[in-house]
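Next come the chains, spelled out residue by residue.
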Amino acid sequence: MTGAAPPIERLKKRADFLAAARAPSCARGAVVLQARDRADETPLIRVGFTATRKVGGAVVRNRAKRRMREAARVLLPQLAKPGHDYVLIARGGAPTRPWLRLLDDVKSALISLAAESDVPSRADTRAPSPSA
């Protein structure tokens, strides 16, 4: 069955969130997206969601996370890279942002981070040093 979406799981452990925080991130509109390559051979995609108290009270934070979960459910199967962990962080406008704009924010962040990870780093592009 080719073309099947890789399995998606939730991040739940604090250590996974902290590891993603050290990875590249991209801020777009109402969300910040962190993407970490786990460098393992599993095609599994893992995703976590968070919202700080700056976003608002518990009701507002939960609304923001529900909206980000739905955006991830819609977009990750097509745009996420297998073997990566993603963390979506709600910003101030996440609970009230129009739905299509929120989807566009998440989509453009996913595309931007995917393009960034495809570009080889400077260390990879240097010519090997001649051995003496």
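All of these numbers come straight from a predicted model, not from anything done at the bench.

Cut-offs and rules
Residues numbered from 1 in each chain as written. Predicted model: local features only at pLDDT ≥ 70, side-chain atom pairs only at ≥ 80, totals over all residues. Heavy atoms only, no water. Salt bridge = Lys/Arg side-chain N within 4 Å of Asp/Glu carboxyl O. Helix = DSSP H or I, 4+ residues; strand = E, 2+ residues; numbered from the N terminus. Buried < 20%, exposed > 50% of the residue type's maximum accessible area, 1.4 Å probe, protein only. Pairing = 2+ DSSP bridges. Axes fitted to C-alpha atoms, helices over the stretch in contact; angles between N-to-C directions. Contact = heavy atoms within 4.5 Å. Expected span 1.5 Å × (residues − 1). Bend = angle between axes of the 7 residues up to and from the residue.

### With respect to the pattern of salt bridges
Here is step 1: One pass over the full model with this rule turns up seven salt bridges.
Here is step 2: Across the pair Glu 70 and Arg 73 runs a salt bridge whose closest N-O atoms are separated by 2.5 Å. Residue Glu 70 and its partner Arg 73 are located together in helix α2 (residues 58-79), separated by three residues, close to a single helical turn.
Here is step 3: Judged by relative accessible area, which is 30%, Glu 70 ranks as partly exposed.
Here is step 4: Here the salt bridges do not stand alone but share partners, grouping Asp 16, Arg 36, Arg 38, Asp 40, Arg 46 and Asp 85 into one network.

### Quick word on the sheet that holds strand β1 (residues 8-10)
Here is step 1: The five strands lie next to each other as β1-β4-β5-β3-β2, forming an open sheet whose pairing is mixed. Looking at which strands have only one partner, the edges of the open sheet turn out to be β1 and β2 (25-28). Looking at each pair of strands side by side, their axes are set apart by 20 degrees on average, direction ignored.
Here is step 2: Strand direction decides the pairing type here: β2 and strand β3 (residues 31-37), joined by four bridges, are antiparallel. Along β3, the bridge assignment pairs Ser 25 with Gln 34.
Here is step 3: Against the sheet, α2 makes contact with β1, β3, β4 (45-51) and β5 (84-90), and its axis sits at roughly 160 degrees relative to β4, the strand it touches most.

### A look at the environment of Ile 45
Here is step 1: Mapped onto the secondary structure, Ile 45 falls in strand β4.
Here is step 2: Sequence separation between Ile 45 and Leu 11 is 34 residues; the distance between their C-alpha atoms is 9.6 Å.
Here is step 3: Apart from residues lying up to four places away in sequence, Ile 45 is in contact with Pro 6, Pro 7, Ile 8, Glu 9, Leu 76, Ala 80, Lys 81, Pro 82, His 84 and Tyr 86.

### Some thoughts on α2
Here is step 1: When the terminal C-alpha atoms of α2 are compared, their 30 Å separation across 22 residues agrees well with the 32 Å that a helix rising 1.5 Å per residue should span.
Here is step 2: At Arg 73, α2 is bent by approximately 35 degrees, the largest bend along its length, and proline Pro 77 sits one to four residues beyond.
Here is step 3: The complete set of buried residues in α2 reads Arg 61, Ala 64, Arg 67, Met 68, Ala 71, Ala 72, Leu 75 and Leu 76.
Here is step 4: Buried-residue contacts for α2 involve β1, β3, β4, β5 and α3 (99-118).

### Overview of unusual backbone geometry
Here is step 1: Backbone geometry at Ala 39 places phi at a positive 60 degrees, although glycine is not the residue there.
Here is step 2: Here Ala 39 lies in the loop between β3 and β4.

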